[in-house]
Amino acid sequence: MKEKSLRKQFRLTKKVFGVPYILFLLLFVIIPLVLILVNAFLDSNNNLTFDNFKVFFTSSSSLTVLGNSLLVGVITTLICIIIGYPIAYILSKMSSGKILILLYVIPMGVNFLIRTLATKAIFIALGVELGMGTVIFGMVYNYLPFMIMPLHTTLSSIDNSYMEAAQDLGADKATVFFKTTLPLSVSGIISGVTMVFIPTISTYAISQLLSNGKIFLFGDSIQLSFEQGMYGVGSIMSIVMLVFVLLSNFIMNKFNRQGNAARRSLW
Amino acid sequence: MKKSAVTIILIALLCCVLLPTLSACDTASTASGTDKLYVYNWEDYIAPGMVKEFEAYYFEVTGRRLEITYTTFDTNETMMTKVLKGDANVDLICPSEYSIEKLLLAGCLENHQDIYKDIKPELDRLNAEGQNITLSGMSSLGNGDGNIIPDIMEVIRPMFGALDDGKGNVYDMTEYMVPYLWGTLGILYNTSVVSMEELEEYGWGVLWNIQHNEELENKILMKDSVRDSYAAAVFYMYENTVYNRGVHKLPDGISPTYNKPYAELTVQELINCTDDAVLNAAEVALTEQRDHISGYEVDFGKDDMINEIVYADFAWSGDAMWAIEDGGYDEETDTYQLGYYVPPIASNIWYDGWVIPKTVRNKLAAMLFIDYMCRPMSGIQNSMEVGYSSAVSKELMRADEDVCAFIEENDYDIDEYFDDEARYPEINENLGVMRDFGSANESLVQMWQRAKSGNGISVSLWWILLVIVLLIGIVVGGYFLLQALKLRPRKLKADKSDLSSDSGQDIG
């Protein structure tokens, strides 16, 4: 009788398949996060201290770098929307759009480092001076697919009859777009913005390669701190970065709920 | 549900406990069977065949097989972090002078003479069997300089001869370390863009392009390394003070560390000075330099110089040798595409040395390896492969027939090779040695961050943002304007369009 109940307990349910995943999360997400949190309060001799906070929040250098990163993130995201939305819109209207979108997705299969190095080689061959412009180009180039994909999914899943109804009721093309298509695709825009903005504020390889290290972003700053053995300050920076990621996620979610558009987005 | 959560946590904890013990088992089992040696060295810092050669030598001498596990690091800081945190389980490390100082003061290193006492019985046994192991090449065993260049030992002794860790221990670095390779910091330049006269007149100022060479503007590379770039800034300021140039001089006033005016400090004192005044002056110099250079690198400088993407590079001597050799050579005019120049007024001399950390397990192999690296033949092979100068004495190498044959095999003239000033510079007081900055390192890193990020957010970036915002403003404003214009003549239809928009929102 007892054996039977034991066996019953160990039934191969769906939950069992979740165990490896939970273990993985615990080992490689939760524990490192705890380590960062602990390190943030330790000085180089492993004593409890709050100096790391003071060092970070009072130094103009780290705050400038953070400001730089946020600005680059905002600019990249805006450019991605401006370029990405029309492309996604046109592709969703075309019958061959599903195939054409592959053209944007296939380059994502190539490692981003290789793509960035190739971009750098092209810039050098063209004689373009490496700097802020090239960094933003590289970022937009790398993250544009992340903007187009969710937008395309959302746009192509909008029922055409809404647009037809609007036209029947006398709206011209622009009105149809701004009053039906755009509000209905808000969820796509939001997931696109999340997918682009969050990685761009933490990026560092692209900025380093495409500016020869002249553009110094928050990711570079974190890397430098850890390289120099300044674990405390590095941990604080990581936490600040995490806060920004969570904050932007939270804001996006808020927006998404307000928009309450069709939750058919891929992401 | 709760139970499963508890099990999961238990399993996770079990994993955490098991992992270290498992890896510990791994190292313990190696005690039997073949001998092991763990070497931790810079990347590309040894002749490729050297490791195998030593394994064969070890077998010949001891009759036991040796398996060398060779791992590499790319900066002193990475290596130090690993060693100080106790994550590096190695027998031999090859750090630079200032990080040897730091490791030594942290109590991480073994005294070679103590190790010699430990392995003496075994050495005696092997020598009784007909071997002839003297370890005479090593400079750390208290009987002279071994095979090492005496001038280098002369640089080390006064500086690192008596290091006090503040807890009553005094260390003599020469007993803990045997120099391996050494070199200088200088300017790698393109001979068709930068002239010798320019270099002689402006020295380190060339890296700031103070001579306003139009071709050179934005075609300079600096090192993406805190210590080296700080050193360059200090040399530059020293030079400006000595030549009385109008820009970027050393600060006025008296240094609190040395109790002397800054202008009277020696190169040696300046390179290790972390007074706020010097740091601030260096920050100004480095921030301004940022506007004249192409960027910061540690690895692609050589290639960019050869491919003429840039025309000047702040380089280590070995990298420079390597680049000059790989770069072009015009036989008609007998000129190389690239050249290496060390401004005689001030520069840095550095060396890397073999140390044995406290984690050593195979003491015999570690000592034999160091001694093997001190052989003239090993020295020339490493030097030829890596580009840096070997710390093995020039005279010993010259007297060795095998070495001479090897140099000629590599298409060098023996006299030319040893008399090359770029390879074997005259060691004098204008070459400073870097020391550990200790706790001041953090303010240096902060300064470096500020200098690298420039004067805050660049104005052009704000312009880009402004243009984008304007663009969006125009599109949105234009739309509303258009709508307003459309609505005016057709006022009756206004209700209708409102209706459609309402319904649209409802559906959404």
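An account of the accompanying structure is given in this report. (Residues numbered from 1 in each chain as written. Chains lettered and ligands numbered in written order. Predicted model: local features only at pLDDT ≥ 70, side-chain atom pairs only at ≥ 80, totals over all residues. Heavy atoms only, no water.)

Turning our attention to the overall build of chain A. Counting its regular elements, chain A contains 13 helices and 0 strands. From first element to last, N terminus to C terminus, chain A shows the α and β order α-α-α-α-α-α-α-α-α-α-α-α-α. Relative to a compact globule of 267 residues, whose C-alpha radius of gyration would be 18 Å, chain A shows 23 Å and is clearly more extended. Sorting the 267 residues of chain A into buried and exposed places 42% on the buried side. In chain A, of all internal contacts separated by at least 6 residues, the share reaching a separation of at least 24 is 73%. Carbon and sulfur atoms make up 69% of the accessible area of chain A, which totals about 14,500 Å². Here chain A contributes 19 positive and 10 negative side-chain charges, whose respective centroids are spaced 14 Å apart. (Helix = DSSP H or I, 4+ residues; strand = E, 2+ residues; numbered from the N terminus. Rg over C-alpha atoms; globule rule 2.2 N^0.38 Å. Buried < 20%, exposed > 50% of the residue type's maximum accessible area, 1.4 Å probe, protein only. Contact = heavy atoms within 4.5 Å. Areas by Shrake-Rupley, 256 points an atom, 1.4 Å probe, with all protein chains shown as cover. Lys, Arg positive; Asp, Glu negative; His and termini not counted. Charge placed at Lys NZ, Arg CZ, Asp CG, Glu CD.)

Here the focus is the pattern of salt bridges. All names here are of chain B. Under the definition given, this model contains 21 salt bridges over all chains. Across the salt bridge formed by Glu55 and Lys52, the nearest N and O atoms sit 3.3 Å from each other. Taken as a pair, Glu55 and Lys52 lie in helix α2 (residues 50–62) at a separation of 3 residues, close to a single helical turn. One network of salt bridges, in which partners are shared, links Asp35, Arg64, Glu122, Arg125 and Glu129. (Salt bridge = Lys/Arg side-chain N within 4 Å of Asp/Glu carboxyl O.)

Residue and element names in this part refer to chain B. Along helix α6 (residues 150–160), the positions that sit buried rather than exposed are Ile152, Met153, Val155, Ile156, Met159 and Phe160. With its buried residues spanning 155 degrees around the axis, α6 presents them on a single face. Buried residues along α6 sit against α4 (97–105), β4 (163–164), β5 (170–171), β6 (177–190), α9 (267–271) and β15 (347–355). (Arc of directions from axis to C-beta.)

A few words on the side chain of Asn111 of chain B. All names here are of chain B. Topologically, Asn111 is positioned in the loop between α4 and α5 (112–128). The exposure class assigned to Asn111 is buried, which follows from its relative accessible area of 10%. Not counting chain neighbours up to four residues away, the residues in contact with Asn111 comprise Glu175 and Tyr176.

Further remarks concern the side chain of Gln228 of chain A. Mapped onto the fold, Gln228 of chain A is located in the loop between α12 (218–227) and α13 (231–259). If we skip the residues at most four places from it in the chain, Gln228 of chain A touches Glu77, Val226, Asn441 and Val445 of chain B.

Quick look at the packing of helix α4 (residues 60–93) of chain A against helix α7 (residues 132–157) of chain A now. Residue and element names in this part refer to chain A. Relative to each other, α4 and α7 sit at 40 degrees, their axes nearing to 7 Å. If you check the angle between α4 and α7, you find them oblique. As α4 runs across α7, the sense of the crossing is right-handed. Tallied by class, the residues present in the contact of α4 with α7 amount to 21 nonpolar, 6 polar and no charged. (Axes fitted to C-alpha atoms, helices over the stretch in contact; angles between N-to-C directions. Parallel < 35°, antiparallel > 145°, perpendicular 65-115°, else oblique. Left-handed = near helix turned anticlockwise from the far one by under 90°. Nonpolar A, V, L, I, M, F, W, Y, C, P; charged D, E, K, R; others polar.)

Together, Glu43, Asp44, Asp74, Asp299, Asp303, Glu325, Asp326 and Glu385 of chain B make up a region of like negative charge exposed at the surface. Looking at where Asp74 of chain B falls in the secondary structure, it is placed in the loop between β2 (66–73) and α3 (76–84). (Patch = residues over 30% accessible without salt bridge, like charges linked within 9 Å, V, L, I, M, F, W, Y side chains within 5 Å.)

This part takes up the interface of chain A and chain B. Every contact between the two is made by 53 residues of chain A and, on the other side, 47 residues of chain B. Scanning the region where chain A abuts chain B turns up 0 salt bridges. Put simply, chain A and chain B have 7 residue pairs in polar contact (both at pLDDT 80 or more) between them. Ranked by residues supplied to the side of chain A that touches chain B, first place goes to α4 of chain A with 13 residues. Broken down by class, the residue content of the side of chain A that touches chain B amounts to 29 nonpolar, 17 polar and 7 charged. (Polar contact = N/O pair within 3.5 Å; in protein donor to acceptor, adjacent residues only side chain to side chain.)

With that settled, consider the environment of Thr62 of chain B. Residue and element names in this part refer to chain B. Structurally, Thr62 is set in helix α2. Overall, the relative accessible area of 12% leaves Thr62 in the buried class. Spatially, the C-alpha atom of Thr62 lies 11 Å from that of Gly130, the residues being 68 residues apart in sequence. Aside from chain neighbours lying at most four places away, what touches Thr62 is Leu126, Leu364 and Leu368. Here Tyr58 takes part through its backbone oxygen, which lies 2.7 Å from a polar atom of the side chain of Thr62. Polar contacts involving the side chain of Thr62 include one to the main-chain amide nitrogen of Arg64, which spans 3.2 Å.

Quick look at the packing of aromatic side chains now. Residue and element names in this part refer to chain A. Tallied over the full model, the rule gives 36 aromatic pairs over all chains. Between Phe41 and Phe53, the ring centres sit 5.3 Å apart and the planes meet at 45 degrees, which makes this aromatic pair tilted. On the criterion of sequence distance, the pair formed by Phe41 in the loop between α2 (14–39) and α3 (51–58) and Phe53 in helix α3 is long-range, its members being 12 residues apart. Where Tyr89 meets Phe177, the ring centres are 5.2 Å apart and the plane angle is 85 degrees; that geometry is what we call edge-to-face. Placement of Tyr89 in helix α4 and of Phe177 in helix α9 (residues 173–184) is noted, with a sequence separation of 88 residues between them. For the cation-ring pair, Arg115 lies above Tyr141, with the distance from its terminal atom to the ring centre recorded as 6.0 Å. (Phe/Tyr/Trp six-rings, centres within 6.5 Å; stacked < 30°, edge-to-face > 60°. Lys NZ or Arg CZ within 6 Å of the ring centre and 35° of its normal.)

In this section: unusual backbone geometry. Residues and elements named next belong to chain B. Phi is positive for Leu135, which is not a glycine, with a value near 55 degrees. Following the sequence through the fold, Leu135 ends up in the loop between α5 and α6. Its identity is not glycine, yet Asn259 carries a phi of approximately 60 degrees, on the positive side. Mapped onto the elements of the fold, Asn259 is located in the loop between β8 (254–255) and β9 (260–261).

It is worth stressing that arrangement in space is one thing and function is another; only the former is reported here.
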